[in-house]
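Structural features, examined
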Amino acid sequence: RLLHRVMRPDDANVAGNVHGGTVLKMIEEAGTIISTRHCNSQAGEPCVAVLARVERTDFLSPMCIGEVANVSAEITYTSKHSVEVQVTVLSENILTGAKRVTNKATLWYVPLSLKNVNKVVEVPAMQYTHKEQEDEGRKRYEEQKLDRLETKQRNGDVIVPVIGPAEPHTVGYSQSSLIHLVGPSDCTLLGFVHGGVTMKLMDEVAGIVAARHCKTNIVTASVDAINFHEKIKKGSVITISGRMTFTSNKSMEIEVFVDADPFVDEPQERYRAVSAFFTYVSLSKEGKPLPVPQLLVESEEEKRRFEEGKGRYLQTKAKRQAQLQQAAQP
Amino acid sequence: RLLHRVMRPDDANVAGNVHGGTVLKMIEEAGTIISTRHCNSQAGEPCVAVLARVERTDFLSPMCIGEVANVSAEITYTSKHSVEVQVTVLSENILTGAKRVTNKATLWYVPLSLKNVNKVVEVPAMQYTHKEQEDEGRKRYEEQKLDRLETKQRNGDVIVPVIGPAEPHTVGYSQSSLIHLVGPSDCTLLGFVHGGVTMKLMDEVAGIVAARHCKTNIVTASVDAINFHEKIKKGSVITISGRMTFTSNKSMEIEVFVDADPFVDEPQERYRAVSAFFTYVSLSKEGKPLPVPQLLVESEEEKRRFEEGKGRYLQTKAKRQAQLQQAAQP
Amino acid sequence: RLLHRVMRPDDANVAGNVHGGTVLKMIEEAGTIISTRHCNSQAGEPCVAVLARVERTDFLSPMCIGEVANVSAEITYTSKHSVEVQVTVLSENILTGAKRVTNKATLWYVPLSLKNVNKVVEVPAMQYTHKEQEDEGRKRYEEQKLDRLETKQRNGDVIVPVIGPAEPHTVGYSQSSLIHLVGPSDCTLLGFVHGGVTMKLMDEVAGIVAARHCKTNIVTASVDAINFHEKIKKGSVITISGRMTFTSNKSMEIEVFVDADPFVDEPQERYRAVSAFFTYVSLSKEGKPLPVPQLLVESEEEKRRFEEGKGRYLQTKAKRQAQLQQAAQP
């Protein structure tokens with residue numbers, strides 16, 4: 001076990017459910033520590049492991065205030081220049097002793113030299129217990145590499161502000177954005193924002209979009225794979241914007257963009273640093289999923305995005321059913 | 001002395017200057033403690049003092065990381081239903097022992113019953129050392145009452161989002177907004193946001209507007225009187241928006257609005273909770289004031305606001321000169 | 001009074017009792033300010049006072065959310081290279097005006113040069129009002145010096161992780177650990193972790209161990225003397241581990257170790273930075289002490305530690321009775 005932390009009121013929403021973003025931040029902290037430790041385990045250039053990608057993550061059940069989060073991490077694959085870490089989060093009710101798995105996440109880190117932040121250092125090879133372990137890891141490695149290239153294309157899009165009042169349940173009604181000045185506590189030793197800090201802010205915006213849409217208690221159900229294409233420097237101002245793209249009967253998909261303005265010391269222009277899709281569900285007071293008001297799409301763009309969201313939704317559903325069937329087989 | 005705190009990297013910007021918002025939050029914390037204590041000093045209904053107004057506050061010199069803030073507070077006037085508190089902030093370099101006054105602020109609090117949050121409780125009368133002390137206090141009390149009425153009118157205005165790219169130095173180029181979900185740590189015992197938390201967020205937005213405009217190290221120079229017309233409840237989402245209204249040779253004026261959506265449990269509409277003007281200056285690496293690029297005003301509205309800002313600027317300048325002359329008299 | 005702070009939800013556990021660690025952190029902050037100020041009070045090398053030791057501290061009664069902590073500190077002895085500070089914490093209910101002493105702590109600081117962190121600077125001698133004051137201080141100084149030597153020996157021990165499920169009430173069942181990456185906000189001007197930050201994390205782990213063991217609302221009752229043998233640098237990863245060593249009818253003793261890995265820039269090995277014993281009690285909803293399930297000790301080591309814990313428990317009890325008798329004498 002790498003990390004134990006009691007969930008506090010500030011980690012949770014008014015209904016007492018811990019924010020998905022708080023969990024993502026803890027996951028990333030554990031991942032950074034274990035991968036940085038691994039990358040410095042052999043004589044070589046001192047380096048810091050920096051988050052490059054998080055695979056799709058499901059939130060199996062919400063954590064509550066007063067529970068203890070148990071975060072453990074394990075290195076599961078190393079390529080020449082990257083490390084795969086698998087992190088498991090257990091939620092423990094210390095009063096009853098009951099534990100349940102709330103998250104499993106897979107993260108990819110890249111080690112950057114402490115002296116030269118633009119230099120990627122070589123990763124010490126891990127020892128596999130079986131040949132299959134290595135082969136499966138390599139397969140995952142190749143898959144994520146492909147996916148990284150694809151998502152880069154999505155990055156030209158922007159969220160256009162709405163002028164004047166918008167109707168409830170339209171995209172414009174719930175879209176939201178926030179700005180954040182990157183302070184020292186947000187950053188690694190190299191002076192770049194921790195991936196976990198960015199994810200926490202993204203979840204915050206996505207949660208506000210979801211709550212504005214359905215005006216109930218909402219919780220994070222899953223996060224799509226997130227790629228961190230560009231580093232964000234200390235002192236930058238980041239703008240995190242979210243808009244709803246799709247609703248099913250009981251879930252909402254929210255697209256989130258992170259843009260960075262490195263304004264003070266550098267002449268660099270605003271750039272897209274990260275983008276991702278978050279899925280939220282609405283919960284009743286008893287914690288049961290509630291129906292979600294349908295998203296009203298107006299423009300052609302909004303209709304297209306809705307259809308794309310539907311595609312992702314059906315694909316995920318099909319994958320999950322295939323897994324269930326496989327698991328049920330003798 | 002009510003409060004001593006070492007200034008940490010997180011309290012400051014990249015250049016090491018403590019954020020004006022951090023200072024405002026400490027000032028309000030000290031004010032809340034001393035006024036709540038006073039309002040409960042006689043047998044009567046238990047109550048919590050809630051910030052109603054902050055008078056115009058000047059930041060005489062920026063504090064730095066590693067310095068110790070010494071905050072002291074004193075009750076200077078009581079009316080039937082309000083308390084005036086004067087707070088002084090000293091910055092102490094504990095290595096050299098040097099101290100300097102960095103802020104003096106005047107705050108007005110209103111005691112609300114702990115059992116019935118809509119009931120204003122009576123304030124125990126303070127003992128004055130001279131008759132003049134009471135008379136001057138009553139004069140300040142009447143003045144702020146008038147001013148509260150006036151600023152209420154400003155509250156219909158909104159910041160309209162800009163579509164598409166904006167030219168540098170226009171109003172649209174630097175305008176910014178952030179959303180914040182109100183958590184338990186932001187709130188008083190009554191479940192309403194501390195005035196100091198709101199002011200810190202307002203300063204954050206204003207600082208980002210100023211930095212986007214002039215792309216240098218900027219610091220808070222002063223804050224106009226702020227009136228807290230409406231309480232903000234735990235669980236609300238607040239939107240803090242800022243736009244530049246005026247520039248002189250060496251200063252920028254930024255108007256900030258705070259709007260609250262009490263969305264989860266209540267059917268209440270979004271409402272304007274607070275508004276204020278912040279003045280910022282731009283500093284060189286040696287801490288000297290730099291010239292500020294002039295604000296490019298385009299619409300009639302922007303021109304009108306610029307002229308109004310100029311009026312406030314000249315009025316403040318005239319007042320300060322009058323004070324200096326008075327001080328110089330034998 | 002050096003410090004006033006309203007206790008917020010995040011400072012407390014679910015039952016509303018402020019964490020012992022939060023109190024220790026405030027105590028240390030006050031101690032750092034007053035001792036750094038003293039050590040720089042005469043012309044000489046600028047320096048920062050660094051925590052070297054905290055004497056055994058009792059938590060006389062738990063603080064609650066909404067109360068105001070009043071922390072005051074006083075220098076009570078100076079040797080050539082160290083300063084003794086006594087800190088008192090009052091808990092004030094600002095609604096009723098009631099105050100009670102919740103803690104008294106004695107801390108030892110050593111001033112390190114701002115230019116050369118390995119150089120201990122000379123402490124300006126304090127003025128004593130009586131000769132006895134100085135003599136008693138010197139006695140305390142000699143005693144703590146001896147004790148520092150002794151505890152150094154305990155430092156070879158480690159907490160071995162448990163493999164597989166453990167039975168309730170065994171040592172393995174409740175033992176816990178967490179890792180923390182040391183960020184800028186955790187550190188002094190010299191770039192080393194504040195002693196108060198370390199103690200807060202230690203209390204967090206000890207609290208989780210205690211809660212796992214007895215599954216009720218638990219609060220810190222006392223902390224044994226803590227010696228800070230080695231500094232911990234910014235960027236280090238610290239591992240804080242806790243295990244239960246002893247239970248009496250109504251208390252639990254938890255041993256906590258802090259190990260530091262200064263891995264990134266330096267070739268230094270993991271080292272033991274601090275170790276201490278925390279005592280916890282279990283409280284009913286009405287705040288009355290509850291019986292504690294007995295610790296099941298299995299190995300020879302566990303039995304030995306239990307006996308040693310019993311020794312410390314009986315010794316403390318005897319001391320307290322002697323003090324009470326002394327106080328009752330005419």
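Looking at an unreviewed UniProt entry, chain A carries the name palmitoyl-CoA hydrolase, with the source organism given as Eudromia elegans. Recorded in UniProt for chain A, the comment headed Subcellular location (unreviewed entry) runs: "Cytoplasm".

Right, let's talk about the relation of the copies chain A and chain B for a bit. Of the transformation superimposing chain A on chain B, the axial component is 0.1 Å and the angular component is 180 degrees, with the fit at an RMSD of 0.1 Å. The transformation just described matches what one would write down for a two-fold rotation axis. Using C-alpha coordinates, one finds that chain A approaches the rotation axis most closely at Leu178 of chain A, a distance of 1.9 Å. Of the residues that chain A buries at the interface, 100% are likewise interface residues in chain B, meaning the two copies contact each other through the same surface.

Below, the discussion takes up the relation of the copies chain C and chain A. Mapping chain C onto chain A is achieved by rotating through 120 degrees and translating by 0.1 Å along the same axis, at an RMSD of 0.1 Å. Read as a symmetry element, the transformation amounts to a three-fold axis.

With that settled, consider helix H5 (residues 300-328) of chain B. Across its 29 residues, H5 of chain B extends 42 Å between first and last C-alpha, which sits within 8% of the 42 Å expected from 1.5 Å per residue. All buried positions along H5 of chain B are accounted for by Glu302, Arg305, Phe306 and Gly309 of chain B.

All names here are of chain A. For chain A, the assigned domains are domain 1 (2-118) and domain 2 (171-303). The distance between the C-alpha centroids of domain 1 and domain 2 comes to 19 Å. In this assembly, 28 residues from domain 1 lie in contact with 26 residues from domain 2. Taken over both partners, the interface formed by domain 1 and domain 2 buries close to 2100 Å², and the fraction arising from carbon and sulfur atoms is 64%. On inspection of domain 1 and its partner domain 2, the count reaches one salt bridge.

Residue and element names in this part refer to chain A. Contact geometry for helix H1 (residues 20-39) and helix H4 (residues 195-214): axes closest at 8 Å, N-to-C directions at 170 degrees. On the basis of the axis angle, H1 is roughly antiparallel to H4. Where H1 approaches H4, its residues Gly20, Gly21, Thr22, Leu24, Lys25 and Glu28 are matched on the opposing element by Gly195, Gly196, Val197, Met199, Lys200 and Asp203. Among the residues making up the contact of H1 with H4, the classes are represented as three nonpolar, five polar and four charged.

Between chain C and chain A, the residue contacts involve 24 residues of the former and 30 residues of the latter. Contact between chain C and chain A buries roughly 2300 Å² in total, counting both sides, with carbon and sulfur atoms accounting for 62%. In this assembly, chain C and chain A are joined by one salt bridge. For Arg212 of chain C, the salt bridge is made with Glu92 of chain A, and the minimal N-O distance between the two is 2.2 Å. Counting across the chain C and chain A interface gives four residue pairs in polar contact (both at pLDDT 80 or more). Broken down by secondary-structure element, the contributors of at least two residues to the side of chain C that touches chain A are strand S7 (176-181) and helix H4 (195-214) of chain C. Across the side of chain C that touches chain A, the residue classes break down as 12 nonpolar, five polar and seven charged.

With that settled, consider the UniProt feature "active site" (unreviewed entry) in chain A. Residue and element names in this part refer to chain A. The UniProt feature table records "active site" (unreviewed entry) at Asn13 and Asp203. Across 191 residues of sequence, these annotated residues stay compact in space, with a maximum C-alpha separation of 12.2 Å. With respect to the helices and strands, the residue Asn13 is situated in the loop between strand S1 (3-6) and H1. Look past the residues within four positions of Asn13 in its chain and what remains in contact with it is His19, Asn217 and Ile218. At 3.0 Å, the side chain of Asn13 forms a polar contact with the backbone nitrogen of Ala15. Of note, Asp203 is situated in helix H4. When near neighbours in sequence (up to four residues on either side) are disregarded, Asp203 contacts His19, Gly20, Gly21, Thr220, Phe278 and Tyr280.

Okay, the confidence of the model for chain A next. Per-residue pLDDT for chain A averages 90, and the proportion of residues at 70 or more is 96%. The ipTM for the predicted assembly is 0.82, set against a pTM of 0.86.

The next subject is the interface of chain A and chain B. With 29 residues of chain A in contact, the opposing surface of chain B contributes 30 residues. Both sides together, the interface formed by chain A and chain B hides about 2500 Å², and carbon and sulfur atoms give 68% of it. Seen at the junction of chain A and chain B, the total is two salt bridges. Asp261 of chain B serves as the salt-bridge partner of Arg212 of chain A, at 3.2 Å between the closest nitrogen and oxygen. Counting every contact that joins chain A to chain B gives six residue pairs in polar contact (both at pLDDT 80 or more). Elements represented by at least two residues in the side of chain A that touches chain B include exactly strand S7 (176-181), H4 and strand S10 (237-247) of chain A. Considered class by class, the residues forming the side of chain A that touches chain B number 16 nonpolar, seven polar and six charged.

Cut-offs applied
Here the residue numbers are simple positions, counted from 1 along each chain's written sequence. Labels are handed out in written order, letters beginning with A for the chains and numbers beginning with 1 for the ligands. Since the coordinates come from a predicted model, pLDDT governs what is reported: local features require at least 70, and pairs of side-chain atoms require 80 or more to be given and counted, while whole-chain, interface and lining totals use all residues. Only hydrogens and water are set aside; all other atoms, that is, all heavy atoms of the structure, feed into the side-chain values. UniProt positions are given in the numbering used here, feature names are shortened, and annotations may be inferred rather than shown by experiment. Superposition of the copies used a least-squares fit over C-alpha atoms from residues whose pLDDT is at least 70 in both. Contacts: residue pairs with any heavy atoms within 4.5 Å of one another. Working definition: helices are DSSP H or I runs of at least four residues, strands are E runs of at least two. Numbering for both runs from the N terminus. One fewer than the residue count of a helix, multiplied by 1.5 Å, yields its expected span. Relative accessibility thresholds used throughout: buried, under 20% of the residue-type maximum; exposed, over 50%; partly exposed, between the two (1.4 Å probe, protein chains only). Just so you know, the domain bounds were taken from an automatic or database domain assignment. A simple way to read buried area is as the amount of 1.4 Å-probe accessible surface that goes missing from two parts once joined, with both sides added. Whenever a carboxyl oxygen of Asp or Glu lies within 4 Å of a side-chain nitrogen of Lys or Arg, that contact is scored as a salt bridge. Axis definition: a line fitted to C-alpha atoms, limited for helices to the stretch in contact. Angles are taken between N-to-C directions and run from 0 to 180 degrees. Under this scheme an angle from 65 to 115 degrees is roughly perpendicular, one under 35 degrees roughly parallel, and one over 145 degrees roughly antiparallel; angles in between are oblique. The classification used treats Ala, Val, Leu, Ile, Met, Phe, Trp, Tyr, Cys and Pro as nonpolar, Asp, Glu, Lys and Arg as charged, and all other residues, Gly among them, as polar. In the analysis that follows, any N or O atom pair within 3.5 Å is treated as a polar contact, provided that within protein one partner can donate a hydrogen and the other can accept it, and provided that, for residues neighboring in sequence, both atoms belong to side chains. The predictor attaches a confidence to each residue, called pLDDT, with possible values from 0 through 100.

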